[in-house]
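# Residue-level structural notes
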2 protein chains.
Amino acid sequence: MPLPDEGRRRVVIEAVTPAIDAGLYAVKRTPGEAVTVEADVFTDGHDKIAVRLLHRPAGRDAWQEVPMRLVDNDRWRGSFIVDQVGRWEYTVEAWVDHFATWQHQLPRRMQAGDDITSELLEAAAMVRRAASRAPDEPSRVWLRDCAAALESAGPTAERAALALSDELTARMAALPDRALATRAPRVFPVIVDRERARWGAWYEMFPRSAGPDPERSATFQEAAERLPAIAAMGFDVLYLPPIHPIGRTNRKGKGNALVSEPGDPGSPWAIGSHEGGHDAVEPGLGTIEDFRWFREQAERHGLEVALDIAWQCSPDHPYVKAHPEWFRHRPDGTIKYAENPPKKYQDIYPFDFETEAWRALWEELRDVVWFWVEQGVRIFRVDNPHTKPMAFWQWLIADLKARDPGLIFLAEAFTRPKVMRYLAKIGFTQSYTYFTWRNTKAEIEEYLVELTTSEMKEYFRPNFFANTPDILHKFLQEGGLPAFRIRLLLAATLAANYGIYSGFEIGENRPAAEGSEEYLHSEKYQFRQWDWDRKESIRDLIAQVNRLRRAHPALQTNEGLRFHLTTNDHLIAYSKAADGDPSRLLMVVSVDPRMPREGHVCVSLPDDPVGEDERYLVRDLLTDRTYAWLGAWNYVRLDPDLPAHIFRLERVRAA
Amino acid sequence: MPLPDEGRRRVVIEAVTPAIDAGLYAVKRTPGEAVTVEADVFTDGHDKIAVRLLHRPAGRDAWQEVPMRLVDNDRWRGSFIVDQVGRWEYTVEAWVDHFATWQHQLPRRMQAGDDITSELLEAAAMVRRAASRAPDEPSRVWLRDCAAALESAGPTAERAALALSDELTARMAALPDRALATRAPRVFPVIVDRERARWGAWYEMFPRSAGPDPERSATFQEAAERLPAIAAMGFDVLYLPPIHPIGRTNRKGKGNALVSEPGDPGSPWAIGSHEGGHDAVEPGLGTIEDFRWFREQAERHGLEVALDIAWQCSPDHPYVKAHPEWFRHRPDGTIKYAENPPKKYQDIYPFDFETEAWRALWEELRDVVWFWVEQGVRIFRVDNPHTKPMAFWQWLIADLKARDPGLIFLAEAFTRPKVMRYLAKIGFTQSYTYFTWRNTKAEIEEYLVELTTSEMKEYFRPNFFANTPDILHKFLQEGGLPAFRIRLLLAATLAANYGIYSGFEIGENRPAAEGSEEYLHSEKYQFRQWDWDRKESIRDLIAQVNRLRRAHPALQTNEGLRFHLTTNDHLIAYSKAADGDPSRLLMVVSVDPRMPREGHVCVSLPDDPVGEDERYLVRDLLTDRTYAWLGAWNYVRLDPDLPAHIFRLERVRAA
């Protein structure tokens, strides 16, 4: 067995966290957030060690570093703040600190009555070696003078005091001998996204249905009329399903009918016609210039436009003729449409990612996304990413974010848990979730504990859509507007990112069929007109909740979510506090859309108890009413008209 | 961002277990044991995948492989048996199985009434490609005939039946197209030790105290007189503290006195004198030849001799003059003795592992161990490994085991948990534990659950010493012989490896001082004589327990340990079953040495319930008495004279 290159690195560094799959994948942050790193660090014997957390923006040579402190049981902790968007990295370095060891032992020797003359000479030698590492002459002089004093014939007690002095301690700590330092076996990556990745309220709409004429597509110009109302509800992101030309071959009719009628617009996800493909705009909506104009209008209203990426083609897509090698073929040479037997999707040709021409395909698709970036789009909702190869996404996202690290990719994967997690690991900025199917108190608590306290919190940013064009949950179908209020309040206060699909604000809840989660008269297959001003609406509540989200940092992060006990299984209570914010927000939500529910809520948390006699005020930010509460458990009653409290806890701590 | 070399590997393999620190360290096994491997494996979309577990003795080119099966939630499992000592390795490979996907879809297409003519042609093409991969002409012919039949104009139903037939399925599964297979990102190591590493009963003795004259060292010849009695107690390993010449300078006197009296033999751990160092034998014991003779005698009695490795020198060690550069020096040039201020060990010079000459030092120490291997010693108990660099042990053990994979190294580290675990990770075969300090039911259960159910079970083999020359626990000091019985029974039935230090069998329990765990008249510093035949003895119980250990595979492994409920906090109950053994052993032990304890024990385990009306027999292997039990909960009573049952459960299952 060959000897190692250097056998004298005595410190061991293990179990660095956070480390997704041992550092294979990045943790995610936004500027201003901390990366708190821990590691098991130890050495043989009784020597003292020094441990440093090293960090830098990726690509830079020089590391910044901060000391790590011993927590307990050989666990060390340190923290750094990321202050710019892009890739970062960190690692841990540690070494035996002989001077600190010496300092630790000296008082023990003195208490034992030992002669420390020889020890003082050892210290002097260490100080002289540090002097030789000092970067400037004054330091060298100071340390050499100090060494001389330690070696002198002066009183032992005085020399010992000098050896243990704060100034010498600090100077020696600043000039460590790191020749035999150990580095953690790898560098751990961080992806720092812009703030919008961390929090935002999304609104999804079909622009073609936003016009005055139900027989034709609205134009972007007409759709822009909706922008003030959407902005007034306080949304941050406006997400549009695909805006590209729609195929005519096997076009789906209303309600997903196999055959379309004349005038049926088809599904926006059946992309491509003779009018163009993924880099073109459906003529009914307008031109590329019209889209750019619409995007600018949206931005003037504080709405960032997100586009859909759906890697599939209608049979009429220009790719089909130009690149038949990108598709699967039958033995007779015809191209295969999408299917998951017995289901068939005749209006769609999937790409064949096993094509020999995969390189050209990957690069083309990457270029398509970049085309839209050049049109000013920096947020993309990716359709069914779990049906395309993982390696493709890993490359595409890394490639594009290397050009523009502010890009945001939301994974629309509703699939098995490990696949959803993997998509987040390999680069998706945000992820759709199971939230729509988590409706009871127990389901919600269990899911949120997983999302916000497991390792997932480091890389999986949930975006809680309360509905989508594909998901109208039974809870909404059966619960009416109160159910919409409940789901809005939960989504908007449980997750820093949430969204609704238009129609939600007016309680649209007619299913395509009994037991179906599809909408009746789904906008996916036809033009619709909506009465946005109708009386039955929760738009004011949405506006109010989004205002609170903008005002309270606690609602802009998933950190610090804690569930509170209640005496009623229909009442769910949780609090959030942003880092450094002394007052928590306490949400109490009734998950019953049918009747009023009452009970007691426990304000205490195991690590933040409320005294039995403690009196304090809670202000409901939704009603602006203030309540005087006493002790941990207090009474609440919520009814379907306003099924939540959002309390600001204003407890004054006894010092 | 450059494209990957191959973008069409669509399968993802994650979270392979067992994998110590992501595969950096080996799991441990003995021949005949299984390595059961799991991994998260999935691909995009709906395609079927095939997953294989690959394994081989390290250094061999060809992999053996077994299929892995889907457990649940994208988790796959497979298993292989290691059948020879040495290093092994395993990994996981998986690929999209297009033929299986096709087979899965076919019945669904047929039920939907689809025309499957084109699909049959696709299958034929896949079969033809498989034929081209077939290793022999008959297979090629069979497959080509099959393809022709699939392409024929025969009845569709018949062709579909052929396509789904067991024979074609098996042949296609045996000839997969693995060109785009994914391999787990690394190979995972296994260390396969000989069986003695897995289980054994150790007996520790100072041979110098086994003679007729308390004024001088016993010789190996005299010490051999003890072998029949030790063998009769059923021990497997006879461990001797260091047998090397002992230094005279600063030799410790009786009871660890700073100054020795004439005739005091000194501590065997103060190694080295003008008579030799680590490769010599203390003249009082005899010569190297005497040692070899003693070792052979022990082997004739079924006892394998283990030696002590203690890397430290007396001031008189030949190394001190020959290699002063291997030690630490004071500013005045003298060599520093060992210390942990204010504690001093003046009779010992530690090696300076930070010496520039570390390479020569490492190689010399490695050669010392190999010297003893050449004398026929293959088990080493390593003294205080945690005070020498971890990298040194990792190299030394790997180097020596590369020469003789049957070597066993027991780490005598009583230190912080992560350091103890790390020593096991980097190569120690077995480890001392906290067992001596775990005496209550709660302490024992918590510790054993950690050892036998956490990841530690894969690499940390506990050796439960009930006492050592350094550890005489208060429980033994206060509890008398009943306490010795309890600790023996616990050690011998909880852990597959356990040991006692001589004197345990006759209940030696006088401490050096109140509150001390040191023995009075410690053998570490003086010759002793023992009355091995005295009446107060548990040697018959030891013999009986060791016979049971040899007869019952369940006691030769730490696998399958389960704790059972009891109604008394002084009664601890646990069962063990070796793999494939239908009858469990159920141990019930009273941990109270003072008085009888009674209560009920629950035979049921959550996954192995006992019916309310179930009648069955339990035979106590210690008393050979049989009890008729009914249902899950049954009464037991234990007293200090025999504080345990070792039941053989003979339940007959209703089919």
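Residues numbered from 1 in each chain as written. Chains lettered and ligands numbered in written order. Predicted model: local features only at pLDDT ≥ 70, side-chain atom pairs only at ≥ 80, totals over all residues. Heavy atoms only, no water.

### Some thoughts on the sheet that holds strand S7 (residues 75-81) of chain B
- The strand order across the open sheet built from 4 strands is S1-S3-S7-S6 (chain B), with neighbouring strands paired in antiparallel fashion. The open sheet is flanked by strand S1 (11-17) and strand S6 (69-72) of chain B, the only strands paired with a single partner. Between one strand axis and the next, the sheet turns through 35 degrees on average, direction left out of account.
- Strand direction decides the pairing type here: strand S3 (residues 34-43) of chain B and S7 of chain B, joined by 7 bridges, are antiparallel. Among the inter-strand pairings, Thr36 of chain B is bridged to a residue of S7 of chain B, identified as Ser79 of chain B.
- Sheet strands in contact with helix H13 (residues 417-425) of chain A are S1, S3 and S7 of chain B, and its direction is about 70 degrees off that of S3 of chain B. (Pairing = 2+ DSSP bridges. Helix = DSSP H or I, 4+ residues; strand = E, 2+ residues; numbered from the N terminus. Axes fitted to C-alpha atoms, helices over the stretch in contact; angles between N-to-C directions. Contact = heavy atoms within 4.5 Å.)

### Some thoughts on the interface of chain A and chain B
- Each partner contributes to the interface: chain A provides 65 residues, whereas chain B provides 65 residues.
- Across the chain A/chain B interface, buried area totals approximately 5,800 Å², and carbon plus sulfur atoms make up 56% of it.
- Along the contact surface separating chain A from chain B lie 14 salt bridges.
- The shortest N-O distance in the salt bridge between Lys425 of chain B and Glu14 of chain A comes to 2.7 Å.
- Going through the elements one at a time, strand S1 (11-17), strand S3 (34-43), helix H1 (98-111), helix H2 (117-133), strand S15 (338-340), helix H11 (358-374), helix H12 (390-403) and H13 of chain A are the ones with two or more residues in the side of chain A that touches chain B.
- For the side of chain A that touches chain B, the residue count by class is 25 nonpolar, 12 polar and 28 charged. (Buried area = accessible area lost by both parts, 1.4 Å probe. Salt bridge = Lys/Arg side-chain N within 4 Å of Asp/Glu carboxyl O. Nonpolar A, V, L, I, M, F, W, Y, C, P; charged D, E, K, R; others polar.)

### What to know about unusual backbone geometry
Residues and elements named next belong to chain A.
- Put simply, Pro341 and Pro342 share a cis peptide bond, and its omega is 5 degrees.
- With respect to the element layout, Pro342 can be found in the loop between S15 and strand S16 (343-345).
- One non-glycine residue with positive phi stands out, namely Asn250, at about 55 degrees.
- Structurally, Asn250 can be placed in the loop between strand S12 (237-240) and helix H9 (288-300).
- Within the chain, Asn256 stands out as a residue other than glycine whose phi angle is a positive 65 degrees.
- The residue Asn256 is located in the loop between S12 and H9 in this model.

### Quick look at the relation of the copies chain A and chain B
- Mapping chain A onto chain B leaves a residual RMSD of 0.1 Å; the transformation is a rotation of 180 degrees accompanied by 0.0 Å of translation along its axis. Here the transformation between the copies is reduced to the relation of a two-fold axis. Across chain A, the rotation axis passes nearest the C-alpha of Ala22 of chain A, at a separation of 3.3 Å.
- Residue by residue, 100% of the interface of chain A is reproduced at the interface of chain B, so both copies engage with the same surface. (Least-squares fit on C-alpha atoms with pLDDT ≥ 70 in both.)

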